[in-house]
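Listed below, chain by chain, are the residues.
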Amino acid sequence: MTGVTIGVRVHGVPEGLGGTIEALRCSTAGVFDLVLLPDGADEAGVALFGSSCGLPCLAGPNGGGGAAGFNRLAQFNGSRLIVLLESGARVGPGWL
């Protein structure tokens, strides 16, 4: 467990996911856990992408929306700080 967990909610068409992950890895200082939260997207594809990037994938029953994804994220590892982003979001230096 780290003090920070960042979850990326992937819904609809997840083509922006790679850019989101790259921006997070380049622009986030310190140690953090990064988790994928498929929500109605092609969950098998998201899980495959996550495993190829070494990321856990927390799929829920039938997606469930952003609130359900946040709840899965909050229960994941007990981090003190939890951040939920949408697939396609791009963070910049010093964002966190």
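Model, not experiment: these values are computed from the prediction.

Let us now look at the nonpolar core. Note that soluble globular proteins tend to have their nonpolar side chains buried in a common cluster. Counting 15 residues, the largest nonpolar core has Ile6, Val8, Leu24, Leu34 and Leu36 as the members making the most contacts within it. Breaking this core down by element, the ones donating at least two residues are strand S1 (4-10), helix H1 (17-27), strand S2 (33-38) and strand S3 (81-86). In contact with Leu36, other than residues within four places in its own chain, are Val8, Leu17, Ile21, Val46, Phe49, Gly50, Leu55, Pro56, Cys57 and Leu58.

Assignment of secondary structure puts Ala29 in the loop between H1 and S2. For Ala29, a relative accessible area of 73% corresponds to the exposed category.

Attention now moves to the side chain of Arg9. As for its placement among the helices and strands, Arg9 is situated in strand S1. Within the local environment of Arg9, its side chain forms a polar contact with the side chain of Asp39, the two groups lying 2.7 Å apart. When residues no more than four places from it in sequence are discounted, the contact partners of Arg9 are Leu37, Asp39, Gly65, Gly66, Leu84, Leu85, Glu86 and Ser87.

Glancing now at the environment of Ala59. Position of Ala59 relative to the elements: it lies in the loop between helix H2 (43-53) and helix H3 (65-77). With 19 residues separating them along the chain, Ala59 and Gly40 place their C-alpha atoms 9.3 Å apart.

Conventions we followed
Residues numbered from 1 in each chain as written. Predicted model: local features only at pLDDT ≥ 70, side-chain atom pairs only at ≥ 80, totals over all residues. Heavy atoms only, no water. Core = buried A, V, L, I, M, F, W, Y, C linked by side-chain atoms within 4.5 Å. Buried < 20%, exposed > 50% of the residue type's maximum accessible area, 1.4 Å probe, protein only. Helix = DSSP H or I, 4+ residues; strand = E, 2+ residues; numbered from the N terminus. Contact = heavy atoms within 4.5 Å. Polar contact = N/O pair within 3.5 Å; in protein donor to acceptor, adjacent residues only side chain to side chain.

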